Structure formats: C-alpha cells, structure tokens
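Inside the fold
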Amino acid sequence: MFGKLVNHRVEKNKVYLDFENNKGIVEVINPLVINIFSPLKYQQHYSRAIEELNIENCSIAVENKTSYLEIKTNHLVVKVYDDFKVDFYKIDGTILCEDLREERRPFLRRGTVSVAEDEGHNVEKDFDRHKIEVVKKMFGDEKFYGLGEKTGHLNKRGSYYEMWNTDDPSPHVESHKSLYKSIPFFINLREDSVFGIFFDNTFKSYFDMGKENSEYYYFGADDGNLDYYFIGGECVKDILVNYTELTGKTPLPQMWTLGFHQSRWSYSPESRVREIAKNFREKDIPCDTIHLDIDYMDDFKVFTWDKNRFPDEKKALKELKEDGFKIVTIIDPGVKKEKNYPIYEEGLKNNYFATDKDGVTYVNKVWPGNSVFPDFSDADTRSWWAENQRIMLESGVSGIWNDMNEPASFNGPLPDDVQFKNEGRGTDHREIHNVYGHLMSKATFEGIRKYSGKRPFVITRAAYAGTQKYSTVWTGDNQSFWEHLRMAIPMLLNLSISGISFCGTDVGGFSFDCTSELLSRWVQVGCFTPLFRNHSGSYTRDQEPWAFDEQTLDINRKYIKLRYKLLPYIYDLMWSGENSGLPVMRPLLLHYEKDKEVHEINDEFLFGENILVAPILEQGKTVRTVYLPEGKWIDYWTKEVLEGGTYVIKKAPLDICPIYIKAGSIIPNFPEQNYVGEKEIDQLTLDIYPGDGSYAHFVDDKESYNYRNGEYTLYEFMMNDGKETVINLNIKQNEFKGYETFKIAYNEASVKEVYFNNNKLEFTKQDCSVEFVIPAEKGTIIIR
Ligand code: GLC
C-alpha cells in the first residue's frame, strides 16, 4: 500500500516519510511514546480523545541504514521499513513489537456457512480486510489487556472485537463483538516486556488478538487516518500512566457520588421517590443518590418535568436534599420532534441537529416517538446543550445520566450517511458514531461545571477513549444472571486499565428478575466498584435492598455501611488517580505483573493497592480459593495473617465477601453516616495493619474545585515495622479544616506500650487489635 521508502526529512521531533504511494510521519511525543501517522483521510490528527498533545522537547537520532530508517530516543529504537512497516525495540536491542511482513492467513474453516445459518446459528465468518490495517507479529507469550468494555475474560488473547458503540439488549455473552463503548487501546504483556497501543481512529474499528491466527494480531478501521500511539514503559503501570497522559485522567469527583445510588426504571411519581428515600432512612441503610429514569419527563421530552407526576419538583428536590438525597436525572440525546417544544424549536432554528445527506433534519424513533439528534460534533451545539443543563440544575438536580447515546434508536444504529458538522469538517455518521456519547458527555460536563461551579457528576452509557475526563460510566443493560455478575469483574477491570476509573455495573442486574442470593453477592462486589448503583429495568421485580427478606436486607446494609466506612479511602484513591491515572479497581497484574499466576485472574481484584477482594460469584457457593500475591495479607474479617504467593481456602457464608488487607496498610475509616456530609467529622479512624508502608490522606470541601488552588489538607503517614512500630505523621499541606484527633485501630493484640511524641498513651484492647487516640498533628507514634 505504501511502497518503497524513498525519502525522509527530520523536523524537531517529527520524521516525515515519503513512500512511493503515500506519506507517513513518525512523531516522538516523548522518549517512550511514538505516534505512527499517515494522512490517509485528513492532513492532521483530529483527535476526539486527546485534548492536549504534550510534546516533549527531547533529543532524537535519525539514521539511514541500508534497508530501514532508524529513529532513536533515550528509551526506544524505531525502525521504519518499506511499506511503512515499523518495528519497535527497547534501547538495549530487545524487540518489543514487530509488524508482520506477510499477508494475513485466517485459519481454515470447514463446512458450509449457509447450512449452519439456516438452522439459526450465529456463524463466525472470516474477518474482512480493512481499509486501514496494522498487523503485528505474535511471539507466543503475549497477553492482552484493555479494549475497554468488552465481554469475555481479562486476558483478551485469542479474542476478536469490534469498536462500534452498540445497544444490544440481548444478554451480553462472549460472542458480542461490541457493546456500548469503544476504547481502542490495549496493553501487550510478555514475559520480559510490555507496551501499549492506542489506535486513535473513531471509525468502526477491529481488533483481532490472535483469533484468526495465533501467529499475529491486528487492528484496523474502515476509514480515517492511520494514527496510532506506541506506548512504552517498564511495567503495566507505566503504560497506563502514559496512556492517561495522552487521553486524560479521571478527575476527583464530589464525595457523595462515591456513596450508594439507588435507581430503577422508573421511580415516579414524586410520592414513590419520597417513599424510597424514607425507606433508606427508616431501614438504616446509607444512601446519597436516587436516580430518576425517563418517566419523570413530560412525554419523554428532555429538559422537562411531568407536572402531573412531579407537580413541584423544585420543592421535592429541595426537601429530599435536606435529608441528604441528591437526585440524578436521565437525559437522552433524542429530542422529541414536536412543534412549540422549546428545545426542538431552538435546535431547529440554529441548525443544531444532524441532517440527512440533503440537509434535512434527520428523524428516527426513540422514547418520545419521532425524534431528532443533536449534532454533538459541533461546538455550538455542545454549548447549547451545556446551557440546557441549567434547566435541570435549577430544578435542584445534582447530576445527569446520559443514556441511549451510542446513539441508539428503535430502528438500530443511525444510517451511515447521517451528516454531522464536525467542527467545520463535515462528515457522516461513520466517523461520529463512536464519539457521539463522548461528545454529549463533554457538553453535559461543561454545562454542569459552568452553572454549578462544582465538580460535575455525569454518567454515560456510550464512551470513547478519553471519556474519563467528563463522565463516569456504567456497563449498560446487564441481566440478573450469575454469569453477568462474573463477567462484571473482568469487564470493569479492563475498563479501569483503559483509563476509565469511575465505572460500575447495575448492581443486581438490569433485566430479568434478581434473586435474594444474587443481590446479596452482587452488593458485595458493588461495594468495591467506584460507581455503586443498584438499578433495574421496567417490569422486573423490585430490587431495592429491602425487596427480598431480612437476611438480604442485613447483607445490603452491612456492605453499604462498609462502603461508607471506606469512603475516605476511595476518595483518596480518586484524588491520587487524578494525577497518576491509576484506577480504583485494579487487576492484580497491575501491581504483581512479574507473578504469572495473576495474569489470568478473573474473579479477584485489588481495590487500590491495599485491599484485595475475592467475591463469591456462583450460586450456592460458600467457599472459594483465593490467590494472595507475595507479601503478608490480613483477612479483614478474622484478622488472621496469611503469607502470600499462594492460594488459601476461604469459607464465605452468604454474608461474607472474602477481603484481604495488605500488611503495612493504613486505611482511613469514616464513622457511620446516612449520607456524605451528614456529620461533621472531627475524628478519623485509621485502621492499621502492621508492616512497612506509607499512606497519604486528603481532606477538602468534598465538592468544589478549590483544592486545585491549594485549599486542602494532606496528612502523610510513614510506618516502619521492626522491633517496635514507628508511624510518623506529617501534615504536608494544611489549608483546609482537618481533624481534631485520629483514632488508631492497630490490628495486633500483643501491644504493651503506646507513645505519641514521647507521651505514653492509654489504649484499649479488642480481640485482635488495640485502640487509642492521638491529636491530628505532626508527630511520631511508637507501638511496642
Ligand atoms: C436503557 C438504559 C437503562 C434505562 C432504560 C430506560 O435501557 O440502559 O439503564 O433504565 O434505557 O431509560
């Protein structure tokens, strides 16, 4: 396709390449990140994922070798050959990634397609050749992670997926090639190397991770530019950090958004919403948020309220807020086509809607019937949409839930030829489809930020790479099946290591009827997913924590309370993730990649670095094996200290989710609260697990952006565990009201003496721990 490499020219960090038939560019973004580009459609990158490409001023060496061009950075060697074949090496000469020189060779399929299809089988066919295609050689020991929200296992090797945002209500199973989100990024992990690839192309794209032939893997797209980033680093963590440097980090949300959310299609009318709220308080279950699904609207018209069901929504939302309940409302993109409906009329007048190829506003059917679709690819439309958020904020709404934004219609995806303005580069639906939800979330985020001044809370179903900057995500319409609880873990872990830290599933499952046992186990997983929301579909059985029996209610209460206890820990994870790009939910391999045993673990995960969760994911099961990676781990429930690097057997009756804390952890705990901010917290508990370790705890107003101007307090703890345990407490930043005291819960019972700044302290003994209180000031704790 490219032909011989005939010429090259170097300009700063860019190497311009002239091939016989095409042009190419190799651009060094920094010594570890290289962009491979060919202007097959547009002369430049038009990234929807990368808002600022920070190009580092670094030295590169370019040398013409006999059969290739060599480009060296301090860390990588890139060799460019004829036909724009590119190989990547570490600076020490180790090969990292090699383009396949031969043609793709799909394995042989025997039999007849039509016969199998006649009986209704969904037959896998040979995958097509794509307009843009990059085929890489497989060395044999590769494992692949990432690719966002996909069905299947954690390791994507041997699987084939497509990136085409899809609303498919049938039960999600491994044959689903695409779901609601398209994140064309993956990590390639081998025994002695690791790298990532981000293929920044919004057209329908294809990822075959060695399915059609185990000797190679490929990615390709229907159109657009050849535009991918090779991302190097020493470990998986580096790759993720470097990827999120490109596409953005998940920002610190308001703290209440990390509490419990209750949803259903739909809580309506107002009296039902109040009843739900009352139940939470009466039944002593913490809850911060209630979601209103489509039935709060007047005839499904976005930015309106049904006045019969919600006669005075402002009053209702104000009163609910006084009791700690924030309301999140769904907003779909489809705008009802109806004369005199202001949103429709305004959009029409200003050409804010997508059109057909003749320039006529495009109409398709969604909840409100015939609807039109805002053109979010256009900055003016996005500003208008952002402006509309004010309507909801003025009603007292605290967050917006963006749904059906693949975009979905009742007639499937929109036709390819629907037209979008695309910031002056008019294009069709094929290019915008995968970023439609992403751009809708961006507009929503910007509107809420502008009109509330607070950190916006947006949830979206459709997403693209980089959506983490604007929105949290949920994994769409799962079912109340055990398979879907199991699938949720690798799915959320791969989303997490694709940059989307703030994610969750519909706890209990959306479609089908949940059971008491399934909800009991699902809430144990939900407790450790960043977005913790119970949601269920219309006409399914009730699924609230109290909808089953006393035992189920108790289990829900236990884990929702545990969540509220852990809120300061989760908030710290979000705060540090805003800088590091590291997610809240982590596959074990993020911290233990040298241990091959963890590469394929689909049923355990880390919650931050310190907590390992190994939930029960099968009906009737009350015991499981748990792999603990190297180091010491403490059983959260029994406080038993276990040596890692091996499997343990854990009994887990219905109310127990196996949880392990890494030795050397300091976990901040809040006192019981019904909702975030209910109590002024003067004393923070530090749940301490002996060992060497450090921890930073962040305190701010929990909602505004003031922390970005330094208005926060940061406590730093450093623990050394030798003959005695020494914990140094430092206050790194002291610009927000912190705590008066820390209650130390030290998980070791054989303590004899405790000192703070050389003063001997009283302590109380529990079964497996001791407790004492220190002032929240700089100093040293000594425990003997
Ligand atoms: C879609 C959403 C679901 C929502 C329903 C009604 O199916 O995925 O969460 O409840 O629409 O709005």
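What counts and how
Residues numbered from 1 in each chain as written. Predicted model: local features only at pLDDT ≥ 70, side-chain atom pairs only at ≥ 80, totals over all residues. Heavy atoms only, no water. UniProt positions renumbered as here; feature names shortened; annotations may be inferred. Helix = DSSP H or I, 4+ residues; strand = E, 2+ residues; numbered from the N terminus. Rg over C-alpha atoms; globule rule 2.2 N^0.38 Å. Buried < 20%, exposed > 50% of the residue type's maximum accessible area, 1.4 Å probe, protein only. Expected span 1.5 Å × (residues − 1). Contact = heavy atoms within 4.5 Å. Pairing = 2+ DSSP bridges. Axes fitted to C-alpha atoms, helices over the stretch in contact; angles between N-to-C directions. Core = buried A, V, L, I, M, F, W, Y, C linked by side-chain atoms within 4.5 Å. Domains from an automatic or database assignment. Buried area = accessible area lost by both parts, 1.4 Å probe. Polar contact = N/O pair within 3.5 Å; in protein donor to acceptor, adjacent residues only side chain to side chain. Parallel < 35°, antiparallel > 145°, perpendicular 65-115°, else oblique. Left-handed = near helix turned anticlockwise from the far one by under 90°. Nonpolar A, V, L, I, M, F, W, Y, C, P; charged D, E, K, R; others polar. Near = heavy atom within 4 Å. Areas by Shrake-Rupley, 256 points an atom, 1.4 Å probe, with all protein chains shown as cover. Salt bridge = Lys/Arg side-chain N within 4 Å of Asp/Glu carboxyl O. Phe/Tyr/Trp six-rings, centres within 6.5 Å; stacked < 30°, edge-to-face > 60°.

The name an unreviewed UniProt entry assigns to the protein is Alpha-glucosidase, from the organism Clostridium manihotivorum. Per its UniProt entry, the protein bears the Sequence similarities (unreviewed entry) comment "Belongs to the glycosyl hydrolase 31 family."

This brings us to the overall build of the protein. Within the protein one finds 12 helices and 52 strands. Over its C-alpha atoms the protein spans a radius of gyration of 27 Å, differing by no more than 12% from the 28 Å that the globule rule assigns to 784 residues. Dimensions along the principal axes, computed over C-alpha positions, put the protein at roughly 80 × 70 × 55 Å. The buried share of the protein, reckoned over its 784 residues, is 62%.

A few words now on helix α3 (residues 270-282). The terminal C-alpha atoms of α3 lie 18 Å apart, and with 13 residues this matches the ideal 18 Å at 1.5 Å per residue to within 8%. Elements in contact with the buried residues of α3: β19 (260-262), β20 (289-292), α4 (313-322) and β21 (326-331). One or two steps after α3, the chain reaches D284, where phi turns positive at roughly 60°.

Right, let's talk about the sheet that holds strand β18 (residues 226-231) for a bit. With respect to topology, eight strands assemble into an open sheet ordered β1-β2-β3-β4-β18-β15-β14-β11, the strand pairing being antiparallel. Of all strands in the sheet, those bounded by a partner on one side alone are β1 (5-11) and β11 (143-146). Neighbour to neighbour, the strand axes of the sheet diverge by 20° on average, direction disregarded. Packed on one face of the sheet, helix α2 (residues 236-247) meets β4 (33-38), β14 (185-190), β15 (193-199) and β18 and runs near 20° to β15.

With numbering aligned to this structure, UniProt lists the feature "domain: DUF5110" (unreviewed entry) at residues 683-744. End C-alpha to end C-alpha, residues 683-744 measures 10 Å, and it is 0% helix and 58% strand.

Attention now moves to the nonpolar core. One finds F198, W385, F528, I611 and F742 to be the most contacted residues of the largest nonpolar core, which totals 192 residues. Ranked by the residues each element gives to this core, the list is headed by helix α7 (residues 429-452), at eight residues. When neighbours within four sequence positions are excluded, W385 is seen to be in contact with V302, F303, I331, D332, P333, V335, P374, F376, M440, A443 and T444. Counting residues in hydrophobic clusters, the runner-up holds 39 residues, among them V28, F84, I132 and V134.

Interfaces are often described in size by the accessible area the parts lose on coming together. Parsing the protein into structural domains produces domain 1 (1-247), domain 2 (254-336 + 367-474), domain 3 (585-660) and domain 4 (680-783). On a C-alpha basis, the centroid separation for the pair domain 2 and domain 4 is 40 Å. Counting residues at the interface gives eight residues for domain 2, matched by seven residues for domain 4. Buried surface at the junction of domain 2 and domain 4, both sides included, amounts to about 630 Å², of which 51% is carbon and sulfur. Considering only the surface of domain 2 that becomes buried against domain 4, M255, K454 and R455 emerge as the three largest contributors, covering 70% of it. Put simply, domain 2 and domain 4 have four residue pairs in polar contact (both at pLDDT 80 or more) between them.

The next thing to look at is the packing of helix α5 (residues 342-349) against helix α6 (residues 379-395). Each pair of packed helices can be summarised by the angle the axes make with each other and by the distance between the axes. Here α5 crosses α6 at 160°, and the two axes come no closer than 12 Å. Compared by their axis directions, α5 and α6 come out roughly antiparallel. For α5 against α6, the interelement crossing comes out right-handed. Contacts between α5 and α6 involve I343, E346 and G347 from the first element and W384, N388 and I391 from the second. When the residues that make up the contact of α5 with α6 are grouped by side-chain class, the tally is three nonpolar, two polar and one charged.

A few words on the site of the ligand. All residues adjacent to the ligand are W265, D293, I294, I330, W367, W401, D403, R461, W474, D477, F510 and H535. Between the ligand and D293, the relevant distance is 2.4 Å, taken from an oxygen atom to a side-chain nitrogen or oxygen of the residue. In this structure, an oxygen atom belonging to the ligand sits 2.5 Å away from a side-chain N or O atom of D477. Calculation on the ligand without its partners gives an accessible area of 310 Å², and the protein chains cover 97% of this total. Tallied by class, residues from the shell around the ligand come to seven nonpolar, one polar and four charged.

Sheets are built from strands that pair by backbone hydrogen bonding, the pairs being arranged parallel or antiparallel. Spatial ordering of the open sheet is given by β31-β30-β28-β25-β21-β20-β19-β33-β32, a layout of nine strands whose pairing is parallel. Pairing within the sheet leaves two strands with one partner each, and these edge strands are β31 (503-504) and β32 (506-507).

Moving on to the pairing of strand β5 (residues 61-64). Sheet topology places β5 next to strand β6 (residues 69-72); four bridges connect them, and they run antiparallel. Bridge pairing in β6 links N64 to L69. From the end of β5 to the start of β6, which pair antiparallel, there are four residues.

The UniProt entry lists residues 26-208 under the feature "domain: Glycoside hydrolase family 31 N-terminal" (unreviewed entry), expressed in the numbering used here. Secondary structure content for residues 26-208 is 3% helix and 36% strand, and the end C-alpha separation is 24 Å.

Inspection of the secondary structure puts F107 in the loop between β9 (95-98) and α1 (113-118). Its relative accessible area of 37% is what places F107 among the partly exposed residues. In the structure, F107 is positioned 106 residues away from N213 in sequence and 6.0 Å away in space, judged by C-alpha atoms. The residues contacting F107, other than those within four sequence positions of it, are D126, K211 and E212.

Moving on to the pattern of salt bridges. Per the counting criterion, the structure on display carries 73 salt bridges. Two residues, K4 and D82, come together in a salt bridge whose shortest N-O distance is 3.4 Å. Of this pair, K4 sits in the segment before β1 while D82 sits in the loop between β7 (76-80) and β8 (86-90), and the two are 78 residues apart along the sequence. Between K596 and E191 there is a salt bridge; the shortest N-O distance is 3.5 Å. Here the residue K596 occupies a position in the loop between α12 (589-592) and β35 (605-607), and E191 occupies one in the loop between β14 and β15, the gap between them amounting to 405 residues. Of the residues examined, E191 reaches a relative accessible area of 55% and is grouped as exposed.

Our next topic: the environment of T381. Along the chain, T381 turns up in helix α6. It is 38 Å that separates the C-alpha atoms of T381 and M209, two residues lying 172 residues apart in sequence. If sequence neighbours within four positions are ignored, T381 has contacts with Y352, P374, D375 and F376.

With that settled, the discussion passes to the packing of aromatic side chains. Enumeration according to the criterion identifies 58 aromatic pairs in this entry. Relative to F310, the ring of W305 has its centre 5.4 Å away and its plane inclined at 65°; by these criteria the two rings are edge-to-face. Of the two residues, W305 and F310, both sit in the buried class. Pairing W575 with F698 gives two aromatic rings, centres 4.8 Å apart and planes at 15°, and the pair type is stacked. Taken together, the positions of W575 in helix α11 (residues 567-580) and F698 in strand β44 (residues 693-699) put the pair 123 residues apart, joining distant regions of the chain. Neither W575 nor F698 differs from the other in exposure class; each is buried. Ring pairing ties together the aromatic residues F303, Y344, Y352, F353, F376, W384, W385, F420 and Y436, which thus form one cluster.

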